[in-house]
Amino acid sequence: MRVGVIGLGIMGAPMARNLLRAGHEVVVHGRTAARVEPLIAAGARAAASPAAVASAVEAVVTSLPDGPDVELVLAGPDGVLAGAARGPLVIDTSTIAPDTARALASRAAAVGVDFLDAPVSGGEQGAIDGTLSIMVGGTSEAFARARPVFDALGRTATHMGGPGQGQMTKLVNQVIGATTLAAVAEGLTLAAHAGLDADAVMAAVGSGAATSWALTNLGPRMQRGDWAPGFMVRLQQKDLRLALAAAAGLGVPLPTTAVVHQLLGAVESRGGGRLGTQALAQALEILAGARP
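For clarity, every value in this text was computed on a predicted model and none was experimentally measured.

Definitions and cut-offs
- The numbers attached to residues start from 1 for each chain and follow its sequence in the written order.
- Reporting in this predicted model follows two pLDDT cut-offs: at least 70 for local features of residues, and 80 or more for side-chain atom pairs to be given and counted; totals over whole chains, interfaces and linings ignore these cut-offs and use all residues.
- Here the side-chain values reflect all heavy atoms present in the structure, with hydrogen atoms and water set aside.
- In DSSP terms, a helix is any run of H or I states spanning at least four residues, a strand is any run of E spanning at least two, and both are numbered starting from the N terminus.
- The atom set for the radius of gyration is the C-alpha atoms, and the globule formula is 2.2 Å times the number of residues raised to the power 0.38.
- The buried label goes to any residue with under 20% of its type's maximum accessible area, the exposed label to any with over 50%, and the partly exposed label to all in between, with areas taken from a 1.4 Å probe on protein chains only.
- Working rule for contacts: check all heavy atoms of both residues, and any pair within 4.5 Å makes them a contact.
- Any Lys or Arg side-chain nitrogen found within 4 Å of a carboxyl oxygen on Asp or Glu counts as a salt bridge.
- N or O atoms within 3.5 Å of each other form a polar contact, as long as, within protein, one can give a hydrogen and the other can take it, and as long as residues adjacent in sequence are counted only when both atoms are side-chain atoms.
- Take the residue count of a helix, subtract one, and multiply by 1.5 Å to get its expected span.
- In this context, the arc is that of the directions from the helix axis out to the C-beta atoms.
- As used in this record, nonpolar core signifies buried Ala, Val, Leu, Ile, Met, Phe, Trp, Tyr and Cys residues forming a set joined through side-chain atoms within 4.5 Å.
- Where helices are involved, their axes are fitted lines through C-alpha atoms of the stretch in contact, as for all axes, and angles between N-to-C directions lie from 0 to 180°.
- Reported orientations rely on four angle classes, namely roughly parallel under 35 degrees, roughly antiparallel over 145, roughly perpendicular from 65 to 115, and oblique for the rest.
- Each crossing is labelled by how the near helix is turned from the far one, with a counterclockwise turn of less than a right angle marking it left-handed and a clockwise turn marking it right-handed.
- Residue polarity is assigned by list, with Asp, Glu, Lys and Arg as charged and Ala, Val, Leu, Ile, Met, Phe, Trp, Tyr, Cys and Pro as nonpolar; anything else, Gly included, falls into the polar class.
- Only residues whose relative accessible area exceeds 30% and that form no salt bridge enter a patch; like-charged residues are grouped when within 9 Å of one another, and nonpolar side chains (Val, Leu, Ile, Met, Phe, Trp, Tyr) when within 5 Å.
- For the area figures, the Shrake-Rupley method with a 1.4 Å probe applies, and any residue is considered shielded solely by the protein chains shown.
- In summary, the charge assignment counts Lys and Arg as positive and Asp and Glu as negative, without counting His or the chain termini.
- Taken as the charge location is NZ of Lys, CZ of Arg, CG of Asp or CD of Glu.

Enquirer: With reference to specific residues and values, describe the overall build of the protein.
Expert: Looking only at helices and strands, one finds 14 helices and nine strands in the protein. Computed over its C-alpha atoms, the radius of gyration of the protein comes to 20 Å, within 12% of the 19 Å expected for a compact globule of 292 residues. By principal-axis analysis of the C-alpha atoms, the protein measures approximately 65 × 45 × 35 Å. Among the 292 residues that make up the protein, the fraction classed as buried is 49%.

Enquirer: Describe the side chain of Gln174, with residues and values.
Expert: Following the sequence through the fold, Gln174 ends up in helix 9 (residues 165-193). A residue is classified by how much of its surface remains accessible, and Gln174, at 8% relative accessible area, is buried. Every residue in contact with Gln174, bar those within four places of it in the chain, is listed here: Phe231, Gln236, Asp239 and Leu240.

Enquirer: Residue-level account of the pattern of salt bridges, with values.
Expert: Evaluation of the coordinates by the stated rule reveals seven salt bridges. Arg2 is the partner of Glu58 in a salt bridge, and the nearest nitrogen-oxygen pair spans 3.8 Å. With a gap of 56 residues between them, Glu58 in the loop between helix 3 (50-56) and strand 4 (59-62) and Arg2 in strand 1 (residues 2-6) connect regions that are remote in the sequence. On the basis of relative accessibility, which here comes to 30%, the residue Glu58 falls in the partly exposed class.

Enquirer: So what's going on with the side chain of Thr95? Which residues, and what values?
Expert: Position of Thr95 among the secondary structure elements: in the loop between strand 5 (89-92) and helix 5 (98-110). Separated by 2.7 Å, the side chains of Thr95 and Lys170 make a polar contact. Contact partners of Thr95, with chain neighbours within four places excluded, come to Pro65, Pro119, Gln167, Lys170, Leu171, Lys238, Asp239 and Leu242.

Enquirer: Give me the lowdown on helix 5, citing residues and values where you can.
Expert: For an α-helix, 3.6 residues make a turn, and residues three or four places apart therefore share a direction. With 13 residues, helix 5 should reach 18 Å at 1.5 Å per residue; the first-to-last C-alpha distance of 19 Å fits that figure. Every buried residue of helix 5 is listed here: Pro98, Thr100, Ala101, Leu104, Ala105 and Ala108. Along the axis of helix 5, the buried positions cluster into a sector of 155°, meaning they face one direction only. Counted as exposed and oriented over 90 degrees from the buried face of helix 5: Asp99, Ser106 and Ala110. Where the residues of helix 5 are buried, they touch helix 4 (67-75), strand 6 (115-117) and helix 9. Looking one or two residues beyond helix 5, the residue adopting positive phi is Gly112, at roughly 80°.

Enquirer: Go over the nonpolar core with me, naming the residues and quoting the values.
Expert: Judged by nonpolar contacts, the single largest core of 32 residues is most densely connected at Val28, Ile91, Ile134 and Phe150. Among the nonpolar cores identified, the runner-up in size contains 25 residues, and Val184, Leu215, Val233 and Ala281 belong to it.

Enquirer: Quick rundown of the packing of helix 9 against helix 12 (residues 233-250)? Include the residues and the values.
Expert: Running from N to C, helix 9 and helix 12 cross one another at 115°; their axes reach a closest spacing of 9 Å. Relative to helix 12, the element helix 9 is oriented roughly perpendicular. Every pair of crossing elements has a handedness; the one defined by helix 9 and helix 12 is left-handed. Packed against helix 9, whose contacting residues are Met168, Lys170, Leu171, Gln174, Val175 and Ala178, the element helix 12 presents Gln236, Asp239, Leu240, Leu242, Ala243 and Ala246 at the interface. Split into classes, the residues belonging to the contact of helix 9 with helix 12 amount to eight nonpolar, two polar and two charged.

Enquirer: Account for a positive patch on the surface, with residues named and values stated.
Expert: Judged by side-chain charge, Arg31, Arg35, Arg234 and Arg274 come together as a positively charged surface patch. Tracing the backbone shows Arg31 in the loop between strand 2 (25-29) and helix 2 (33-41).

Enquirer: Talk me through the packing of helix 12 against helix 13 (residues 255-269); I want residue IDs and the actual numbers.
Expert: Angle between the axes and distance between the axes are the two parameters that describe a pair of packed helices. Taken N-terminus to C-terminus, the directions of helix 12 and helix 13 make an angle of 150°; their axes are 10 Å apart at the nearest point. On the basis of the axis angle, helix 12 is roughly antiparallel to helix 13. Pair helix 12 / helix 13 crosses with left-handed handedness. For the pair helix 12 and helix 13, contact is made by Val233, Arg234, Gln236, Gln237, Leu240, Arg241 and Leu244 and by Thr257, Ala258, Val260, His261, Leu264, Gly265, Val267 and Glu268, respectively. In terms of residue class, the contact of helix 12 with helix 13 is built from seven nonpolar, five polar and three charged.

What follows is the structure, encoded as structure tokens:
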């Protein structure tokens, strides 16, 4: 297929590379030349605007920070919908509010464009390896049409229902992931203060009931004080705000999620918004009276 990718950050750039490796023609658009040029060198073609991308491809993949960014790129004056003369399929892999996804799906349908909200899980490494889990909202016909794209990007793509249901599923994922991460941080902080050997702790608990993706992938980073981002604190905070708002609208209490949101807020308040989410451990060290 001819596939456009808009948003070439931690997730979007490796997605574009995997689409190229799968044999698709790829057209990219990003705000900075430093992110566009390596993809051109890898075989992609650049377009000057989201509208120009849409006019050249069969499907457009967007990977953007937040709802307003997606709204601008899709529905702005030089956005995807403005250039969608050929009726491209739009696949938004960002994490945004379910209501925003539903509104964008309606706007796209009004001009004959199929829209899928298709947020992903797996972090930067999953994007690099092409092993993302993709949660999809939209029509079954659009989901089937997007299958070649999903096959290049992820290990699984699950159709969750109509517009917005992919985003709602991603919020469920973020609630589980964030609260599990907090449990890992608490356990490893306890282990460190108790003088336990870090490698022995991972060997002892990593193969039992306490194991998780967060323990395996982010636990060692916490232990060695590696706060480089695979997924930034500020973006996790945005996702948790969306989850708490969605839960409030449904009358569902999320008390543990609210505490994790506050802990990450403490990291943000100390200038840590661009650190990886494993920096949640810093908040616990602050509470323990130690410097992270």
